[in-house]
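Understanding the architecture of this molecule
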Amino acid sequence: MCMSLFSALNNADNTNRPEPPRGFSKIKKYEAEKAISGNLCRCTGFRPIADVCKSFAADVDLEDLGFNIFWEKPEDANVERLPPYNQHKVCTFPEFLKCEINSSMNTLKSFKDNGALECQWYRPASFEELYELLNSSEFIESHVKMVVGNTMSGVYKEINLYDKYISLTGIPELSIIERNSKGFTLGAAVTISKAIEVLKERNGNVLKTDGELVFDRIAEHMDKVATPFVRNMASLGGNLIMAQRYQFPSDIATVLLAAGSTVCLQMASERLILSLEEFLEGPPYDDRTILVSIHIPYWSSASISSSGTSKYNIIFKTYRAAPRPLGNAVSYLNSAFLARVASDRSSGDIVLLKLHLAFGAYGTEHAIRARNVENFLVGKMLTVSVLIEAIKLLKEIIIPKEGTSHPRYRISLAVAFLFKFFQPLSKDLAQVEKNNLHIPDVILSSKQLVEFSTEYFPVGKPIKKVAAEIQASGEALYVDDIPSSKDCLYGAFIYSTRPFARIKGITFNPTLVSSKIVAYISINDIPEGGKNVGSSFRFADEPLFADSLTEYSGQCLGIVVAETQRYANMAAKQAIVQYSTKGLEPPILSVEDAVRRSSFFDIPPSLYPTEVGDLARGMDEADHKILLAEVKLESEHYFYMETQTAFAIPDEDNCIVVYSSNQYPEGTQGVIAKCLGIPQHNVRVITRRAGGGFGGKATRSNPANLQYVNLSASTFWVADDTSSYLNYGAAISEVEIDVLTGAITILRADLTYDCGQSLSPAVDLGQVEGSFVQGIGFFVYEKLEENSDGLVISDGTWSYKIPSIDTIPKHFNIRVMNSGHHKDRVLSSKASGEPPLLLAASVHSAIRKAIRAARADFSSTDPDDSSVSSFQFDPPATMPLVKELCGLDTVEKYLEAHGEV
C-alpha cells in the first residue's frame with residue numbers, strides 16, 4: 001500500500017496541475033484513496049489507511065481524517081499542522097535487503113562465470129533480430145517465452161521451466177503511440193496505464209467531441225481493470241493475446257471490439273491487418289506471430305446535410321459486473337455498446353443508423369458481437385416492443401458454455417446492460433439521456449468516538465505500536481524474508497485431490513522442472529521413534545502425511561524438495577497421484593451426510609452438555625414460539641497476508657532450530673519433537689511475527705481460559721468459570737442494491753462496541769473496524785467454492801474476494817465505550833478482535849430487507865404475500881444470489897408493465 005500511494009503521489013506531482021498548499025502533494029483525496037484500491041488487508045478495515053492516504057492530498061480537510069481523535073492537537077488545529085509531504089526525502093534502505101541483493105548478485109556472477117546460468121535473456125532491437133534468434137539452431141530445441149511485463153504469469157501460473165526468455169520491449173515499433181484524424185494507434189507493448197493516460201488527453205478543444213468521449217470511456221473502463229501496479233506493467237497487446245490464445249475473459253477486448261478496433265500482426269514473412277473480431281475468432285496464434293499494434297478509430301458525429309432537419313450522434317457506453325468494482329476481479333459479464341443515432345428535430349424520434357453490441361466474459365471463448373441483434377435494431381425506432389424482441393434475440397446468443405458458474409445470472413446481466421443502454425433512447429420509457437460520462441468521486445467518510453480512562457494511566461492511553469515504523473516502511477523481517485543459508489533446500493507440499501481413496505503410487509511428469517527435484521519426503525521418511533503427527537488437538541492428533549488412504553481432499557501426501565522455492569512449487573504441480581476407490585464407501589462431504597451415516601467425533605463423557613430444566617415443557621409453555629427454520633453458515637478462508645512459513649536449521653547434538661510464523665510456538669515445539677522422535681528441549685522454535693493469523697496459525701487449537709495468566713513477577717491468577725468475557729455491541733447498516741446486477745453498496749454503518757476498560761483504545765478501535773470488515777467479507781463477498789470431491793477451488797486472490805477499500809461502508813462510524821472495571825476481569829478489558837465480526841450480520845439483514853422491497857416492487861401478486869417476503873437467504877450475499885432473489889427477469893417485467901404489449 002505504501003508503494004501504491006508513493007506511485008500515485010509521484011505521478012500527480014509530475015503533472016501540470018496547480019501547485020498545492022505548502023506541505024501537500026498535487027494529488028486529490030479521491031485519487032489518494034483510489035491508489036490503494038487494488039491492495040488487500042485482512043485486519044485493519046482499510047479506513048485508517050485511507051485516512052493516511054488522504055492526509056497527503058491538496059484538498060484534504062481535518063474532518064476527513066478519522067485519526068484526529070488520537071492526535072494531541074492544539075486548539076488552532078488545522079491540516080497545515082500535519083507533517084509535511086516531501087517527495088525528495090530519501091528513506092533508509094534496509095541493511096538486510098542490501099546484504100540479500102549483494103548476495104544475489106554474487107550468486108548470479110558465480111553462475112555466469114561457471115556457465116551454469118539457469119536461463120538466458122534476450123532483447124532484440126528489431127523484428128529482424130527477433131526472427132534471427134528464433135530461427136537459430138540454439139533456439140530450435142529450447143523452451144522459449146516472449147514477454148513484455150510478464151503479468152500473465154499471475155493468471156496462468158508457470159508449471160514448467162523456460163531456458164530462454166525474449167523481452168520484446170526493445171523493438172521500437174511495439175511502443176509507438178500515434179494520434180491523427182483517423183484515431184489512435186498504440187503499440188502492443190504500451191502499458192495499460194500509459195494507454196489510459198494518452199486516451200484521456202484532450203486534443204486542444206475546450207469541449208470534447210463524441211469521438212473523444214469514446215476514447216474517454218475506453219480509458220475509464222480500462223481504469224477498472226486489474227490494479228494500478230499491474231496496469232503499470234501489463235501491456236495492451238499482452239491482454240489481447242491472452243484473450244485470443246488462452247480464452248482470457250478480457251474487459252479490454254470487449255471494449256475495443258465495440259469501438260471497431262483493428263490489429264496489426266507480424267508473421268515470419270508477412271504482416272496482416274485484421275479487425276479485432278477476426279483476430280479473436282481465429283485459431284490460437286503461435287509464439288512466432290507477434291501482435292504489433294492496436295488501432296482505435298475516431299468516431300465523429302455530424303449533421304445530415306440533405307434535408308438539414310436531422311443529425312446523428314455517437315453514443316458509447318461500457319458496462320461490467322464483477323465481484324468487486326475495482327481491482328483484480330474478473331467480470332461475470334462485460335459489455336460495450338456503440339450506436340450512431342439520428343434524431344428528428346421536429347418529432348424527436350430516434351433511429352439507430354449503426355450499432356456495435358459487444359459482450360464478453362460470460363462463459364464464452366472470446367468477446368463477441370451480437371450481430372443478429374444489431375441487424376434487427378438498425379434502422380428502427382426504439383419502442384418497448386422493439387426492445388422486447390431484441391432481448392429475445394439476445395438470449396439466443398448469450399449462452400454460457402457448459403460448466404460456467406451462474407449461467408442464468410450472466411444471461412440476465414446481458415439483458416440488463418442492453419436495457420440500461422437503450423432505455424434513455426426509447427421514446428416510450430424516458431427522454432434522451434445526455435452523453436455525460438462523469439462518474440462522481442465517492443470519498444469515504446468516518447467518525448470515531450472513543451471514551452478514555454486515566455484511572456490506570458498509562459494503561460488505557462492510545463499508544464503507537466512499537467514496530468509500526470519498520471512494518472510500514474517494509475523493513476520488518478518475516479520468516480520468508482530471512483536470508484537462506486548456503487546449500488538450503490526448499491519444500492512444497494503435494495496434496496490429495498481425492499477425498500477418500502487408496503494411494504497406489506506417486507510419480508512426476510518428465511519435464512525440465514522434474515529434473516530439479518532433490519528428494520521426495522513422505523510418511524516413509526519419518527525417523528525411527530518419531531510419529532506421523534502434523535498438528536495436535538484436544539481430542540486427537542492429525543497426521544502429517546496420508547498413509548495408504550486419503551481422508552479428505554487437500555490432505556498432505558508428501559513434500560517435494562528442490563534447490564529453490566520456485567522449482568519446488570513447480571515440481572509439486574508435476575506430481576501424478578494414482579488413486580483407487582475399489583471397495584470403499586462414498587466419501588462424506590457434508591454435515592448432512594455425516595448425520596445420515598452416524599459419523600461423529602468421540603467426545604469424552606466428562607464434556608457432555610448437562611441439560612438444565614425441562615426443555616420440551618418450557619417450549620410448550622412459552623408465550624412466543626420459535627418457527628422451524630434452517631440457518632446455514634459457510635466457511636471463511638483465513639487468508640493470511642503472509643502464509644504459513646517455516647525455516648528449519650539443523651543444530652548440534654541432534655537439535656533443530658525452527659523459525660516459524662505460527663501463533664502457538666509451544667505447541668509447534670511439541671509437534672516437531674513428537675514427529676522427529678527427539679526430546680522437546682532439543683527443538684528451539686522462534687516466532688518473530690505471525691504476519692496475520694486469526695487463530696488459524698495456532699494449528700487450529702487455542703488452549704483458551706484454564707491456563708495461567710501472568711499478572712506480575714510473583715502473582716498468578718487462574719481463570720474460573722465466571723470470568724468469561726462478556727462482549728456487547730450493536731450495529732446499524734444501510735445498503736443499496738442494484739436490481740439489474742445484484743451489486744451491493746454499503747452506504748453506511750454505525751457501530752457501538754463496549755470494550756470494557758480498554759488497555760489501548762487505538763488498538764481496540766482498529767480491531768473493531770477490522771473485524772467488522774472481515775465480517776462483511778463473511779456475510780457478503782467470500783464464497784468458498786469446492787468441486788465435487790470437496791477440494792477447495794477458490795483458494796487465491798483470483799477466485800476468492802475479500803473486501804477491499806471500494807467495498808467497505810462509505811460512511812463508517814464507530815463508538816468505543818468504556819464500561820469500567822469488574823473484579824473478575826483483567827482491568828475489565830474485553831476482546832475486540834473477533835466479536836465485532838458478528839455485527840456485520842446487520843449488513844446481511846439490510847440486504848435482505850432491500851431484496852424484500854425489490855421483490856414487492858416486481859411482484860404481480862400481493863406484496864405482503866409470504867412467497868414475496870419469505871425466502872432462504874444464506875450468507876454470503878453474493879451478486880448472483882442477490883440478483884436471483886430480486887428476480888432474473890426484472891427487465892422483462894418492467895418492459896411488460898410499461899409497454900403497449
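Just so it is clear, the structure is predicted and the values come from calculations on it, not from any experiment.

Looking only at helices and strands, one finds 25 helices and 29 strands in the chain. The 901 residues of the chain split such that 43% are buried. Of the accessible surface of the chain, which amounts to about 47700 Å², a share of 53% is contributed by carbon and sulfur atoms.

What follows is about the packing of aromatic side chains. The relation between two aromatic rings is expressed through the spacing of the ring centres and the mutual angle of the planes. Inspection of every chain in the model, using the stated rule, returns 23 aromatic pairs. On the numbers, 6.1 Å between centres and 25° between planes, the contact of phenylalanine 647 with tyrosine 659 is stacked. Taken as a pair, phenylalanine 647 in strand S22 (residues 646-651) and tyrosine 659 in strand S23 (residues 655-660) lie far apart in primary sequence, twelve residues in all. When its relative accessible area of 23% is taken as the criterion, tyrosine 659 is described as partly exposed. Aromatic rings pair up to connect Tyr319, Phe337, Phe359, Phe417, Phe421 and Phe422 into one cluster. The ring of phenylalanine 376 has lysine 380 sitting right over it, with the charged end atom 4.4 Å from the ring centre. Positioned above the aromatic ring of tyrosine 640, the side-chain terminus of lysine 697 is 4.8 Å from the ring centre.

In contact at an axis separation of 9 Å, helix H15 (residues 407-422) and helix H25 (residues 890-898) are set at 40° when each is read in the N-to-C sense. It follows from the interaxial angle that H15 and H25 lie oblique. Between H15 and H25, the residues in contact are Val415, Ala416 and Phe419 and Val891, Glu892, Tyr894 and Leu895, respectively. When its residues are assigned to classes, the contact of H15 with H25 shows six nonpolar, no polar and one charged.

Below, the discussion takes up the nonpolar core. In this structure, Ile218 and Met222 are the most contacted members of the largest nonpolar core, which totals 62 residues. Ranked by the residues each element gives to this core, the list is headed by helix H11 (residues 251-258), at six residues. Filtering out sequence-adjacent residues up to four positions away, isoleucine 218 remains in contact with Leu199, Val255, Leu256, Ala259, Ile296 and Phe316. The next biggest cluster of nonpolar side chains, apart from the first, holds 55 residues, and it includes Phe24, Ile36, Cys755 and Ala850.

With antiparallel pairing, five strands are arranged side by side in an open sheet as S4-S5-S8-S6-S7. Pairing within the sheet leaves two strands with one partner each, and these edge strands are strand S4 (177-180) and strand S7 (271-275). When the angles between neighbouring strand axes are averaged without regard to direction, this sheet yields 15°. Pairing between strand S5 (residues 183-187) and strand S8 (residues 290-297): five bridges, direction antiparallel. Its bridge partner being in S8, glycine 183 is matched across the sheet by proline 297. Relative to the sheet, helix H10 (residues 236-246) contacts S5 and S8, its axis offset from that of S8 by approximately 105°.

Attention now goes to helix H14 (residues 384-397). Taking 1.5 Å per residue, 14 residues should reach 20 Å; H14 reaches 20 Å between its end C-alpha atoms and fits that length. Buried residues in H14 make contact with strand S12 (350-360), helix H13 (371-377), H15 and H25.

Turning our attention to the pattern of salt bridges. Tallied over the entire structure, the rule returns 29 salt bridges. Glutamate 33 is the partner of lysine 54 in a salt bridge, and the nearest nitrogen-oxygen pair spans 3.6 Å. Note that lysine 54 is positioned in helix H3 (residues 47-54) and glutamate 33 in helix H2 (residues 29-34), a separation of 21 residues in sequence. Here glutamate 33 falls in the buried class, since its relative accessible area comes to 6%. Residues aspartate 251 and arginine 320 are paired through a salt bridge, measuring 2.9 Å at the closest nitrogen-oxygen approach.

Calculation criteria
Residues numbered from 1 in each chain as written. Predicted model: local features only at pLDDT ≥ 70, side-chain atom pairs only at ≥ 80, totals over all residues. Heavy atoms only, no water. Helix = DSSP H or I, 4+ residues; strand = E, 2+ residues; numbered from the N terminus. Buried < 20%, exposed > 50% of the residue type's maximum accessible area, 1.4 Å probe, protein only. Areas by Shrake-Rupley, 256 points an atom, 1.4 Å probe, with all protein chains shown as cover. Phe/Tyr/Trp six-rings, centres within 6.5 Å; stacked < 30°, edge-to-face > 60°. Lys NZ or Arg CZ within 6 Å of the ring centre and 35° of its normal. Axes fitted to C-alpha atoms, helices over the stretch in contact; angles between N-to-C directions. Parallel < 35°, antiparallel > 145°, perpendicular 65-115°, else oblique. Contact = heavy atoms within 4.5 Å. Nonpolar A, V, L, I, M, F, W, Y, C, P; charged D, E, K, R; others polar. Core = buried A, V, L, I, M, F, W, Y, C linked by side-chain atoms within 4.5 Å. Pairing = 2+ DSSP bridges. Expected span 1.5 Å × (residues − 1). Salt bridge = Lys/Arg side-chain N within 4 Å of Asp/Glu carboxyl O.

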